[in-house]
Amino acid sequence: MSAGRGKKRVRQRARGSGGPATRTERRRWIVDAIEANVARVEEDGERVVHVPRWMLPDGARSGSVLSVTREAEGERLVLRIEPDVAAEAEALARSRRQVATETGDEGGDVVL
């Protein structure tokens, strides 16, 4: 698991009308695997959780990086789960660099 990337960020916003404050939290999920309509997801590089496949955006697959926003206001809760294309590209590039460093192989065609 990655070391602490995508740490939880919490923000509270007071309502001007005297209503309940809105509490916002953000997380980063990385899809590890999807099996039998259940996704195994690494959350913030700290723990693995299981979520129903239907909760993920269409097109989510193993390796997808997702931005998760939770907004709570009183008894109302909104959970937004969206692809984070930039973070996914960064994670893939970091993985390729790590493999190249460890093996001395930058990938490509196999030559025998």
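What you are looking at is a predicted structure, and each value in this text was computed from that prediction instead of being measured.

(A) Just the overall build of the chain, in detail. Per the secondary structure count, the chain includes one helix and six strands. Residue burial in the chain is summarised as follows: out of 112 residues, 25% are buried. Restricting the contact set of the chain to residue pairs at least 6 apart, pairs at least 24 apart contribute 42%. When the accessible surface of the chain is totalled, it reaches about 8,000 Å², and 49% of it is carbon and sulfur.

(B) The arrangement of the nonpolar core in detail. Judged by nonpolar contacts, Trp-29, Val-31, Ala-39, Val-41, Val-51, Leu-56, Ala-60, Leu-66, Val-68 and Ile-81 together constitute the single largest core of ten residues. Within the residue set of this core, elements represented by two or more residues are strand 2 (22-35), strand 3 (38-43) and strand 5 (65-73). Those residues within four positions of Trp-29 in sequence are excluded, and the remaining contacts are Val-41, Glu-42, Glu-43, Val-51, Leu-56, Ser-64, Val-65, Leu-66, Val-68 and Ile-81.

(C) Seen up close, the pairing of strand 4 (residues 47-52). Pairing geometry for strand 3 and strand 4, over six bridges, is antiparallel. Bridge pairing links Ala-39 to Val-51 in strand 4. Counting the residues that bridge the hairpin from strand 3 to strand 4 gives three residues, and of these Asp-44 lies at a positive phi of roughly 55°.

(D) Geometry of the pairing of strand 3. Judged from the six bridges that link them, strand 2 and strand 3 form a sheet pairing that is antiparallel. Across the sheet, Glu-35 pairs through a bridge with Val-38, a residue of strand 3. Turn length for the strand 2-strand 3 hairpin, with the two strands adjacent in sequence and antiparallel, is two residues, and the turn residue Ala-36 shows positive phi of about 50°.

(E) Geometry of the side chain of Glu-25. One can find Glu-25 in strand 2. Accessibility expressed as a relative area gives 10% for Glu-25, which makes it buried. A polar contact of 3.2 Å, which involves the side chain of Glu-25, links it to the side chain of Arg-23.

(F) Geometry of the side chain of Arg-27. With respect to the helices and strands, Arg-27 occurs in strand 2. Of the residues examined, Arg-27 reaches a relative accessible area of 18% and is grouped as buried. There is a polar contact of 3.2 Å between the side chain of Arg-27 and the side chain of Asp-44.

(G) Representation of the environment of Val-31 within the structure. Note on placement: Val-31 falls in strand 2. Under the relative-accessibility criterion, Val-31 is labelled buried at 1%. Sequence-wise, Val-31 and Ser-64 are 33 residues apart; in three dimensions their C-alpha atoms are separated by 5.3 Å. Apart from residues lying up to four places away in sequence, Val-31 is in contact with Arg-40, Leu-56, Arg-61, Ser-62, Gly-63, Ser-64 and Leu-66.

(H) How the structure looks around unusual backbone geometry. For Ala-36, which is not a glycine, the phi torsion comes out positive at approximately 50°. With respect to the helices and strands, the residue Ala-36 is situated in the loop between strand 2 and strand 3. On the accessibility criterion, Ala-36 (78% relative accessible area) is exposed. Of note, the phi angle at Asn-37 is positive, near 65°, even though the residue is not glycine.

Here is what the cut-offs are and how they apply
- Sequence order as written defines residue numbering, which begins from 1 separately in each chain.
- Predicted model: local features are reported for residues with pLDDT of at least 70 only, side-chain atom pairs are reported and counted for 80 or more only, and whole-chain, interface and lining totals are derived from all residues.
- Each side-chain value is derived from all of the structure's non-hydrogen atoms; neither hydrogens nor water enter the calculation.
- To qualify as a helix, a DSSP run of H or I must reach at least 4 residues; to qualify as a strand, a run of E must reach at least 2; elements of each kind are numbered from the N terminus.
- Burial classes: relative accessible area under 20% of the type maximum marks a residue as buried, over 50% as exposed, and values in between as partly exposed (1.4 Å probe, protein chains only).
- The contact definition used throughout considers only heavy atoms, calling two residues in contact when any of these lie within 4.5 Å.
- We get accessible surface area from the Shrake-Rupley algorithm with a probe of 1.4 Å; when it comes to residues, only the shown protein chains can shield them.
- Here the nonpolar core consists of buried residues drawn from Ala, Val, Leu, Ile, Met, Phe, Trp, Tyr and Cys, with membership extended through side-chain atoms lying within 4.5 Å.
- What makes two strands pair is DSSP finding at least two bridges between them.
- Whenever two N or O atoms come within 3.5 Å, that pair is a polar contact, provided that in protein one can donate a hydrogen and the other can accept it, and provided that, for residues adjacent in sequence, both atoms are side-chain atoms.

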